[in-house]
Amino acid sequence: MSILLSLFLKLSAFSLVAFGGVNALLPVLFNLAVHQEHWIDVQTFSDYFAIAQAAPGPNFMTVTLIGWHIHGVLGALLATLAIAWPSSILIYFLQRFIMGIKNPMTKQMIQYSAAALAIGLVLSSAWEIALQINHSPAAYVLTISTIAITVFTRWHPLYLIAIGGALGVLGFI
Amino acid sequence: MSGFGGVLPWARRTLVERDKILTSEEFSAILGICQIVPGPNIMNLAVCVGSRFGGARGALAATLGLSLGPIAIVLCLALLYEHYSYLESVKGLLRGISAVGVGLIASTGFKMLRDEFRYPAMLLVVLLTIIAATVFHLGLGYVVLLVSPVAIFIARKKAQAL
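Caption draft 1: Geometry of the overall build of chain A. Summing up its helical and strand segments, chain A has seven helices and zero strands in all. For chain A, the succession of helices and strands along the chain, N to C, is α-α-α-α-α-α-α. Oriented by its inertia axes, the alpha-carbon framework of chain A measures out at about 55 × 50 × 25 Å. When each of the 173 residues of chain A is scored for burial, the buried share is 55%. Partitioning the contacts of chain A with sequence separation of at least 6, the portion at a separation of at least 24 is 55%. Of the roughly 7,500 Å² of accessible surface on chain A, 72% is carried by carbon and sulfur atoms. Taking the average location of the 5 positive side-chain charges in chain A and that of its 4 negative ones, the two points are 30 Å from each other.

Caption draft 2: Region of the structure containing the overall build of chain B. Looking only at helices and strands, chain B has six helices and zero strands in total. The linear arrangement of helices and strands in chain B, starting from the amino end, is α-α-α-α-α-α. Since a compact globule built from 162 residues should have a radius of gyration of about 15 Å, the 19 Å found for chain B marks it as more spread out than a globular shape. Principal-axis analysis of the C-alpha atoms gives chain B an extent of 55 × 45 × 25 Å. Burial analysis of chain B (162 residues in total) assigns 47% to the buried set. Excluding contacts between residues fewer than 6 apart, the proportion of contacts in chain B whose partners are at least 24 apart in sequence is 36%.

Caption draft 3: View of the side chain of Ser 125 of chain A. Residue and element names in this part refer to chain A. In this structure, Ser 125 sits in helix H5 (residues 104-133). Of note is the side chain of Ser 125, whose polar atom sits 2.4 Å from the backbone oxygen of Asn 23. Discounting chain neighbours no more than four positions away, the residues touching Ser 125 are Asn 23, Ala 24, Leu 25, Leu 26 and Pro 27.

Caption draft 4: Here's a closer look at the interface of chain A and chain B. Residue-level contacts link 87 residues of chain A with 84 residues of chain B. Carbon and sulfur atoms supply 80% of the area buried between chain A and chain B, which totals about 7,500 Å² over both sides. The tally of links from chain A across to chain B stands at zero salt bridges. Counting the contacts that link chain A with chain B gives seven residue pairs in polar contact (both at pLDDT 80 or more). Contributing elements (two or more residues each) for the side of chain A that touches chain B: helix H1 (2-17), helix H3 (42-54), helix H4 (61-99), H5, helix H6 (137-152) and helix H7 (157-169) of chain A. When grouped by side-chain class, the residues that make up the side of chain A that touches chain B number 58 nonpolar, 27 polar and two charged.

Caption draft 5: Focus on the side chain of Ser 87 of chain A. Within the fold, Ser 87 of chain A resides in helix H4. Engagement of the side chain of Ser 87 of chain A in a polar contact is seen with the backbone oxygen of Ala 84 of chain A, the distance being 3.4 Å. Non-local contacts of Ser 87 of chain A, meaning those with residues more than four positions away in its chain, are made with Ser 15 and Leu 16 of chain A together with Val 37, Pro 38, Gly 39, Pro 40 and Asn 44 of chain B.

Caption draft 6: Expanded view of the packing of H3 of chain A against H4 of chain A. Residue and element names in this part refer to chain A. Interaxial distance between H3 and H4 falls to 8 Å at its minimum, and their mutual angle equals 130°. Here H3 is positioned oblique relative to H4, judged by the angle of their axes. Of the two possible hands of crossing, H3 and H4 adopt the one that is right-handed. In this structure, H3 contributes Thr 44, Phe 45, Tyr 48, Phe 49, Ile 51 and Ala 52 to the contact, and H4 contributes Met 61, Thr 62, Leu 65, Ile 66, Trp 68 and His 69.

Caption draft 7: Structural context of the nonpolar core. By size, the foremost hydrophobic cluster in this structure holds 105 residues, and its most contacted members are Leu 11, Leu 29, Phe 45, Tyr 48 and Ile 66 of chain A together with Leu 45 of chain B. The contacts of Tyr 48 of chain A, once residues within four sequence positions are left out, are Ile 40, Thr 62, Leu 65, Ile 66, Trp 68 and His 69 of chain A together with Tyr 81 of chain B.

Caption draft 8: Region of interest: H4 of chain A. For H4 of chain A, which comprises 39 residues, the first-to-last C-alpha distance of 30 Å sits more than 12% below the rise-based estimate of 57 Å (1.5 Å per residue). The largest bend along H4 of chain A reaches roughly 145° and is located at His 71 of chain A.

Caption draft 9: Examining the environment of Ser 89 of chain B more closely. Mapped onto the elements of the fold, Ser 89 of chain B is located in helix H4 (residues 88-116). Taking C-alpha positions, Ser 89 of chain B is 38 Å from Thr 129 of chain B, a pair spaced 40 residues apart along the chain.

Caption draft 10: Quick look at the confidence of the model for chain B. Per-residue pLDDT for chain B averages 84, and the proportion of residues at 70 or more is 93%. As scored by the predictor, the complex reaches a pTM of 0.88 and an ipTM of 0.90.

Caption draft 11: The packing of aromatic side chains, seen in detail. Residue and element names in this part refer to chain A. Per the stated rule, a full pass over the model turns up four aromatic pairs over all chains. Aromatic pair Phe 8 and Trp 85: ring centres 6.4 Å apart, planes at 10°, arrangement stacked. Placement of the pair is Phe 8 in helix H1 and Trp 85 in helix H4, with a sequence separation of 77 residues. According to the relative accessible area criterion, Trp 85 is partly exposed, its value standing at 38%.

Cut-offs used in this document
- Note that residues are indexed from 1 along each chain, following the sequence as it is written.
- Lettering of chains starts at A and numbering of ligands starts at 1, both following the order in which they are written.
- In keeping with the predicted nature of the model, local features appear solely for residues at pLDDT of at least 70, side-chain atom pairs appear and are counted solely at 80 or more, and the whole-chain, interface and lining totals rest on all residues.
- With hydrogens and water set aside, each side-chain value is computed from the structure's full complement of heavy atoms.
- Here a strand is any run of E in DSSP of at least two residues, a helix any run of H or I of at least four, and the numbering for each starts at the N terminus.
- For every residue, the accessible area (1.4 Å probe, protein chains only) is compared with the maximum for its type, and the residue is labelled buried under 20%, exposed over 50%, or partly exposed between those bounds.
- Should any heavy atoms of two residues lie within 4.5 Å, those residues are counted as being in contact.
- Per-residue accessibility takes into account occlusion by the displayed protein chains alone, with areas from the Shrake-Rupley method and a 1.4 Å probe.
- By the counting rule applied here, Lys and Arg register as positive and Asp and Glu as negative, while His and the ends of each chain are not counted.
- Where a charge lies is defined by one atom per residue type: Lys uses NZ, Arg uses CZ, Asp uses CG and Glu uses CD.
- As a reference, a globule follows 2.2 Å times the number of residues to the power 0.38, and the radius of gyration itself is taken over C-alpha atoms.
- Polar contact criterion, stated in full: a pair of N or O atoms within 3.5 Å, where within protein one must be able to donate a hydrogen and the other to accept it, and residues adjacent in sequence count only if both atoms are side-chain atoms.
- By buried area we mean how much accessible surface two parts lose on assembly, using a 1.4 Å probe and totalling the loss over both.
- We count a salt bridge whenever a side-chain nitrogen from Lys or Arg sits within 4 Å of a carboxyl oxygen from Asp or Glu.
- Throughout this entry, Asp, Glu, Lys and Arg are counted as charged residues, while Ala, Val, Leu, Ile, Met, Phe, Trp, Tyr, Cys and Pro are counted as nonpolar. The remaining residues, Gly among them, count as polar.
- A fitted line through C-alpha atoms serves as each axis, taken over the contacting stretch for helices, and the angle formed by two N-to-C directions is quoted from 0 to 180°.
- Angle categories: roughly parallel below 35 degrees, roughly antiparallel above 145, roughly perpendicular from 65 to 115, and oblique for all the rest.
- Handedness of a crossing is defined here by the sense of rotation of the near helix relative to the far one, left-handed for an anticlockwise turn of less than a right angle and right-handed for a clockwise turn.
- In this description, a nonpolar core means a group of buried Ala, Val, Leu, Ile, Met, Phe, Trp, Tyr and Cys residues linked to one another through side-chain atoms lying within 4.5 Å.
- Helices are assigned an expected span. That span is 1.5 Å times one less than the residue count.
- What the bend at a residue measures is the angle between two axes, fitted to the seven residues ending there and to the seven starting there.
- The quantity called pLDDT is the predictor's confidence in a given residue, expressed from 0 to 100.
- Any Phe, Tyr or Trp ring, taking Trp's six-membered ring, that has another such ring centre within 6.5 Å forms a pair; planes under 30 degrees apart are called stacked, those over 60 apart edge-to-face, and the others tilted.

Set out below in structure tokens:
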């Protein structure tokens, strides 16, 4: 029971600092789950990351899978609840406050600074996670090609995931 | 449920373009708020949109509706993974997908970065954040504490300029 409680508390705290969404904080989640709490190993983390990317739905599913690894369905539900409730309650009250700010300048200012911070966090996150889960030059080539294709074309991400998966099955990555 | 590769674009299409529940400006404003607040962006969005139409109960319904289906699917995949993860082809499959996945996260960042070129001084904030997080490996709290004064200062100028 104590590991469930610790899972719930640690992930709840994580939720409250997850500026820029869960993807911006994957390295923090990685450290927490792999190095600090030893919930899972590096390989399982990157496999769960892949499954969460390939599955439909919100991209915080890596968290759900970590919970599942620890304590089955109950762990999965608890982990998802933990990641969602603190920020949900926070925004429930905060949205009225922010919508209520009359000065459009102040509103803009908050949005601009938050956006810039989020971009920095997302890019750092991608970099640090790439260092953990890419083990071959081919994997980096695939990551960089993905960036180039999604930035310069309008391909649906699902095609890229399918291509990446196929290349992996064929043993290229 | 059909939100492959993140739910955000799909949410926009459904709420704004198909069902016309929100106008485009309202959607952007709500999304902007959701990105300021920590936590899963899409959950925050569900809380905002849900509470607008049904108070706390609407918020709860929206978040549950958004997460229960995908959780069921991802757990089925996890079961398959338990049984077949020893296969060399499954390992390769996951390696390929995660390499693409990390690229997708990076490209979200790069796409958002494009908007910042409208006011290049803001790039300094992005750069500072990256340096603090990756070179100095500061914890998130310190990154936010360190960068946000600069961010607010430049954002103020940007708000005045644009």
